[in-house]
Amino acid sequence: MLAMDYRGPYRVRLEEKPMPRIEHPQDAIVRVTRSCICGSDLHLYHGMVPDTRVGSTFGHEFTGVVEELGPEVSNLQVGDHVLVPFNIACGQCHFCKQSLFGNCHEVNPHATAVGGIYGYSHTAGGYQGGQAEYVRVPYADVGPMVFPDWMDPDDAVLLTDVVPTGYQAAEMGGIQKGDTVVVFGAGPVGIMAARCAWLFGAGRVIVIDHFDYRLEFVKAYAPAEVYNFKELDDVVTFLKHTTDGLGADVVIDAVGGDAKGNALHTLFGNKLKLEAGSAIALHWAINSAKKGGIVSIVGVYGPTGNMVPIGNVLNKGLTIRANQASVARLLPRLIEHVRAGHIDPKALITHRVPLEDVADAYHIFAAKLDGCIKPVLVPGGA
Amino acid sequence: MSEARTARTPVDTSKIAGWGVDADPENDPTYPYRDRSRDHGLSTDWQRPTQQRSDVEVLQSIEYKHFPAVYGTTVPPRGVSGAIRRAAFRWSESHWLHWLMLMGADRVNVVEGLVEDLARGKVPNVPAEMGARAEWEHNRQGFLTKAAVFAGVSAGVVLLFRRSKG
């Protein structure tokens, strides 16, 4: 089968690889119909995630048709069209029993701190990703969901990560009616977090980024007030002044380790890899939150450490909430939102690219070319 | 550390004055993403899934008390990078050395990938792997600038090499 193949930082290509096979009685083999490139795939693409091995296939946002089932799978049938949550979860461990499906303890021998994620380095379990024609799906009774007939597959594929992660970012913010919410990052997750902030009753939503075309998109889509931090002398001071000098009730970091805006963080985090990515967005989030406010983190960082003003977290009495989205927990509610027209996931898709052109798709997305917000890879015959 | 030091000592909470008098179930910053209704968080036992069996080498964090039931079997460790990875797993996830060694192994692995390509007679098309076609289509000025810089640096290296030989 054909699959994306990582060759090193900034280098990917298409390769012929062996077909995946059932390796565990609860496995399924799925023929991929849609597979997105996620903003967090760019952390891998840029060589920022430890134990990203040459020869790996990325991709944790995908839909597909069930081709084969292991003997212990009972909830799926061959031929089902399923969306597959990005986190792999057993459904019965200490953490899954508490709906912490992103923190399963039965999926990743390489790290206790990280759950299992398709195609996200060996630090996240060493699984093959979905940027391929076929993929092995473990614990097939727990994660994959047959999506309703009325749902567009382009909506379904965004329910595997982008929508639940953006939604959980807003949910973890504990937004109360009338709250001012600031979102750092106008990528797909930031856009979705801004949209979902309204669902929780936000009174004002502000999005910060440095790409004008993305700010224009979220301004109309969320809708939101938008500001380009490159046009501001000091983004934190600006946010304080525009919130009566107090700061925002809730601040969401939807950027993670690829953040731009500070030379020191870029040097230490992105170039020298001495930090787990550039943490300037988190730094700004902490400093622009109101005293007693909440910082919600869904931006992805590596497992080492970052320079952030933790003293300000203490002195301002901030609450920090963070996690990988628990996709399986959120799906029923999010499907209701899509059906009701509260969320339009597929509107984020700007590029549909044949799997064969995966290298171009990565470059377009990483370099923010051609107005790219969300690229979807489509295997031949899908 | 001895077994005696690590063994749990049961505590009779009924003998602790005031135990639990200020407990407040609403004081839960993990709501709603942590559902404690099915498990109050103290039970640490669960019925383990069937254990996956494989001949592929899979490295394990020393922080685990058990080997997780399911795991990925892609790209097992091998070569120099594999040796570095095996060594890295002698340290826990809490040690920077663990992660820095894995990052170092990743860089070595890139060189190994090039060597493997050449060994099987495949010259990697690095510009295509880096999306040069997309750069040409959507950022022609950037493409030309990068091409000029690459050509200039290459010419400089060749000149330096020739001088050092002469």
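Residues numbered from 1 in each chain as written. Chains lettered and ligands numbered in written order. Predicted model: local features only at pLDDT ≥ 70, side-chain atom pairs only at ≥ 80, totals over all residues. Heavy atoms only, no water.

1. A look at the overall build of chain B
- Helix and strand content of chain B: six helices and zero strands.
- Along chain B, helices (α) and strands (β) appear in the sequence α-α-α-α-α-α when read from the amino end.
- For 166 residues, the compact-globule estimate of 2.2 N^0.38 gives 15 Å, and chain B exceeds it by more than 25% at 28 Å.
- Principal axes of the C-alpha set define a box for chain B whose edges measure 90 × 40 × 35 Å.
- Scored against the burial criterion, the 166 residues of chain B give a buried share of 27%.
- A fraction of 30% describes how many contacts in chain B between residues 6 or more apart in sequence connect residues 24 or more apart.
- For chain B, the exposed surface amounts to about 12,000 Å²; the carbon and sulfur share of it is 58%.
- Of the charged side chains in chain B, 22 are positive and 20 negative; the average position of the first set lies 11 Å away from that of the second. (Helix = DSSP H or I, 4+ residues; strand = E, 2+ residues; numbered from the N terminus. Rg over C-alpha atoms; globule rule 2.2 N^0.38 Å. Buried < 20%, exposed > 50% of the residue type's maximum accessible area, 1.4 Å probe, protein only. Contact = heavy atoms within 4.5 Å. Areas by Shrake-Rupley, 256 points an atom, 1.4 Å probe, with all protein chains shown as cover. Lys, Arg positive; Asp, Glu negative; His and termini not counted. Charge placed at Lys NZ, Arg CZ, Asp CG, Glu CD.)

2. Topic: the domain arrangement of chain A
Residue and element names in this part refer to chain A.
- Along its sequence, chain A is carved into domain 1 (2-161 + 326-378) and domain 2 (162-322).
- For domain 1 and domain 2, the distance between their C-alpha centroids amounts to 25 Å.
- Approximately 2,500 Å² of surface area, both sides summed, lies buried where domain 1 meets domain 2, with 68% of it carried by carbon and sulfur atoms.
- Considering only the side of domain 1, the residues that lose the most area to domain 2 are Met48, Leu348 and Ile373, jointly responsible for 23% of the buried surface there.
- Linking domain 1 with domain 2 are one salt bridge, by the criterion used here.
- Linking arginine 329 and glutamate 171 is a salt bridge whose minimum nitrogen-to-oxygen distance equals 2.7 Å.
- Run the count over domain 1 and domain 2 and you get 14 residue pairs in polar contact (both at pLDDT 80 or more).
- In terms of residues, the side of domain 1 that touches domain 2 owes the most to one element, helix H10 (residues 327-340), which gives six residues.
- By residue class, the composition of the side of domain 1 that touches domain 2 is 17 nonpolar, nine polar and seven charged. (Domains from an automatic or database assignment. Buried area = accessible area lost by both parts, 1.4 Å probe. Salt bridge = Lys/Arg side-chain N within 4 Å of Asp/Glu carboxyl O. Polar contact = N/O pair within 3.5 Å; in protein donor to acceptor, adjacent residues only side chain to side chain. Nonpolar A, V, L, I, M, F, W, Y, C, P; charged D, E, K, R; others polar.)

3. Here's the deal with the sheet that holds strand S12 (residues 225-228) of chain A
Residues and elements named next belong to chain A.
- If you trace the six strands from one edge of the open sheet to the other, you get S12-S11-S10-S13-S14-S15, paired in parallel fashion. The outermost strands of the open sheet, each flanked by one partner alone, are S12 and strand S15 (319-322). Averaged over all pairs of adjacent strands, the angle between strand axes in this sheet comes to 20 degrees, irrespective of strand direction.
- Pairing between strand S14 (residues 289-297) and S15: four bridges, direction parallel. Paired with isoleucine 297 across the bridge in S15 is alanine 322. (Pairing = 2+ DSSP bridges. Axes fitted to C-alpha atoms, helices over the stretch in contact; angles between N-to-C directions.)

4. So, the interface of chain B and chain A
- Facing the 70 residues of chain B at the interface are 70 residues of chain A.
- Carbon and sulfur atoms make up 51% of the surface buried where chain B meets chain A, a total of about 5,800 Å² over both sides.
- Our count for the chain B to chain A interface comes out at nine salt bridges.
- Residues arginine 120 of chain B and glutamate 15 of chain A are paired through a salt bridge, measuring 3.5 Å at the closest nitrogen-oxygen approach.

5. Structural notes on the UniProt feature "transmembrane region" (unreviewed entry) in chain B
- Residues annotated by UniProt as "transmembrane region" (unreviewed entry) correspond here to residues 143-161 of chain B.
- For residues 143-161 of chain B, the end-to-end C-alpha separation is 27 Å, with 100% helix and 0% strand making up the annotated structure. (UniProt positions renumbered as here; feature names shortened; annotations may be inferred.)

6. What about the pattern of salt bridges?
Residue and element names in this part refer to chain A.
- The full count for this structure, using the stated rule, is 32 salt bridges over all chains.
- Here glutamate 15 makes a salt bridge to arginine 13, at a shortest N to O gap of 2.9 Å. When sorted by exposure, glutamate 15 lands in the same class as arginine 13, which is buried.
- A salt bridge links arginine 53 to aspartate 51, with the shortest nitrogen-to-oxygen separation between them at 2.8 Å. Of the two residues, arginine 53 and aspartate 51, both sit in the buried class.

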